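What follows is each chain in one-letter form.
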Amino acid sequence: MHSPEQRPVTIAGVALQAPRHICCFFDSREEQYDVLIPYLLEGMRNNESVMAVMDGEPLDDCRARLSAATVTTTPAGGHLCFHCSADVYLAAGTFSKERMLRDLEGKLKEVAAGPFSGLRTCADMMWAHREMPQTQELLEYESEVNSLLDIYDATFLCIYDASKISGQVLLDVLGTHSHVVIGKEVKVNPYFMKPADYKRTLHARRSKTSRTMDR
């Protein structure tokens with residue numbers, strides 16, 4: 001395995017250095033695509049493997065907007081693919097952290113061995129709002145993904161709806177992403193924790209909950 005190149009990736013006009021695991025909060029669909037479309041097109045121009053994962057209707061909208069954008073920008077070299085959220089995150093009807101990490105690392109190895117310069121993704125996490133009992137396992141996955149960014153050249157972008165998650169889940173989302181986008185403002189995330197630190201935080205929280213229940 002090789003260490004990833006420290007090349008910048010631009011989002012909303014800001015060049016991001018590795019690690020690049022971005023959480024985004026948008027106020028509208030238009031605001032979302034004002035950020036996403038240039039981000040995805042840049043990946044294609046950089047000869048990256050680009051993957052968009054969304055629910056059905058937003059996925060069709062994203063595909064149509066990107067198709068229209070490529071007519072005028074004609075990005076060359078990269079590869080673009082679309083996937084429905086359920087097919088990626090909920091294979092066999094349930095979310096599995098182990099399966100997701102195994103599949104993602106397999107994809108990263110495939111990209112590293114092929115003609116592309118890296119992997120760039122965007123994923124709308126709307127499906128998770130419907131699967132709230134599994135949110136903690138999802139956020140453990142989000143944290144462990146960061147270990148892969150120490151090895152592979154990749155950029156992961158996750159879109160969350162802050163109005164549909166609890167305060168604790170919001171803190172966990174911030175704790176597992178290196179950068180945050182709010183509207184069109186991009187910041188290095190001061191709440192980001194390395195996987196080992198996040199795991200210790202979870203362990204302490206679970207121990208406290210267990211002690212409370214035993215009283």
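Just so we're clear, the structure is a prediction, and the values are computed from it rather than from any experiment. (Residues numbered from 1 in each chain as written. Predicted model: local features only at pLDDT ≥ 70, side-chain atom pairs only at ≥ 80, totals over all residues. Heavy atoms only, no water.)

Undergrad: A description of the sheet that holds strand β6 (residues 119–124) should follow, citing residues and the corresponding values.
TA: Paired through backbone hydrogen bonds, the strands of a sheet run either parallel or antiparallel to each other. Strand order across the open sheet formed by seven strands is β5-β4-β6-β7-β3-β8-β9, with mixed pairing between neighbours. Every other strand in the sheet has two partners, leaving β5 (79–84) and β9 (185–188) as the edge strands with one partner each. Strand-to-strand, the axes of this sheet are offset by a mean angle of 15°, without reference to chain direction. Helix α4 (residues 97–113) contacts β4 (49–54), β6 and β7 (154–159) of the sheet and is inclined by roughly 150° relative to β6. Packed onto the sheet, helix α7 (residues 167–175) meets β3 (21–25) and β8 (179–182) and runs at close to 145° relative to β3. (Pairing = 2+ DSSP bridges. Helix = DSSP H or I, 4+ residues; strand = E, 2+ residues; numbered from the N terminus. Axes fitted to C-alpha atoms, helices over the stretch in contact; angles between N-to-C directions. Contact = heavy atoms within 4.5 Å.)

Undergrad: So what's going on with the pairing of β7? Which residues, and what values?
TA: For β7, the buried fraction is high: six of the six residues fall into the buried class. Neither face of β7 is exposed, since Ala-154, Phe-156 and Cys-158 on one face and Thr-155, Leu-157 and Ile-159 on the opposite face are all buried. Where β3 meets β7, four bridges bridge the pair, whose relative direction is parallel. Looking at the pairing, His-21 lines up with Phe-156 of β7. The sheet contact formed by β6 and β7 spans six bridges and is parallel. Note that in β7 the partner of Leu-119 across the bridge is Ala-154. (Buried < 20%, exposed > 50% of the residue type's maximum accessible area, 1.4 Å probe, protein only.)

Undergrad: Break down the packing of aromatic side chains for me, citing the residues and quoting the values.
TA: As enumerated under the stated definition, the model contains four aromatic pairs in all. Seen from their ring centres, Phe-95 and Tyr-141 are 5.8 Å apart, and the 75° between their planes marks the pair as edge-to-face. Of this pair, Phe-95 sits in the loop between α3 (85–89) and α4 while Tyr-141 sits in helix α6 (residues 135–148); the two residues are 46 residues apart in sequence, bridging distant segments of the chain. When sorted by exposure, Phe-95 lands in the same class as Tyr-141, which is buried. What links up through ring pairs into an aromatic cluster is the set Tyr-89, Phe-95, Trp-127 and Tyr-141. Geometry around Phe-82 places Arg-63 over its ring, the cationic atom sitting 4.8 Å from the centre. The ring of Tyr-39 carries the charged tip of Arg-120 above its face, separated from the ring centre by 4.9 Å. (Phe/Tyr/Trp six-rings, centres within 6.5 Å; stacked < 30°, edge-to-face > 60°. Lys NZ or Arg CZ within 6 Å of the ring centre and 35° of its normal.)

Undergrad: Let's hear about the environment of Ile-37: which residues, and what values?
TA: If you trace the backbone, Ile-37 turns up in helix α1 (residues 29–45). By relative accessible area, Ile-37 is classed as buried at 11%. A C-alpha to C-alpha distance of 8.2 Å links Ile-37 and Cys-62, two positions 25 residues apart in sequence. Contacts of Ile-37, omitting those with residues within four sequence positions, involve Arg-65, Leu-66 and Ala-69.

Undergrad: Account for α4, naming residues and giving values.
TA: In an α-helix, one turn spans 3.6 residues; hence positions three or four apart end up facing the same way. Here α4 is 17 residues long and its end C-alpha atoms lie 24 Å apart, about the 24 Å a rise of 1.5 Å per residue gives. Where α4 is concerned, the buried positions are Lys-97, Arg-99, Met-100, Leu-101, Leu-104, Lys-107, Leu-108 and Val-111. In this structure, the buried side of α4 is in contact with β4, α3, β6, α6 and β7. (Expected span 1.5 Å × (residues − 1).)

Undergrad: Run through the packing of α4 against α6, naming residues and quoting values.
TA: One way to put it is that α4 packs onto α6 with a least axis distance of 10 Å and a crossing angle of 30°. Here α4 lies roughly parallel to α6, going by the angle between them. When you trace α4 past α6, the crossing you get is right-handed. Contacts between α4 and α6 pair Lys-97, Glu-98, Met-100, Leu-101, Leu-104, Glu-105 and Leu-108 from the former with Glu-137, Glu-140, Tyr-141, Glu-144, Val-145 and Leu-148 from the latter. Residues belonging to the contact of α4 with α6 are distributed by class as follows: seven nonpolar, no polar and six charged. (Parallel < 35°, antiparallel > 145°, perpendicular 65-115°, else oblique. Left-handed = near helix turned anticlockwise from the far one by under 90°. Nonpolar A, V, L, I, M, F, W, Y, C, P; charged D, E, K, R; others polar.)

Function-wise, these values are silent; they only describe arrangement.
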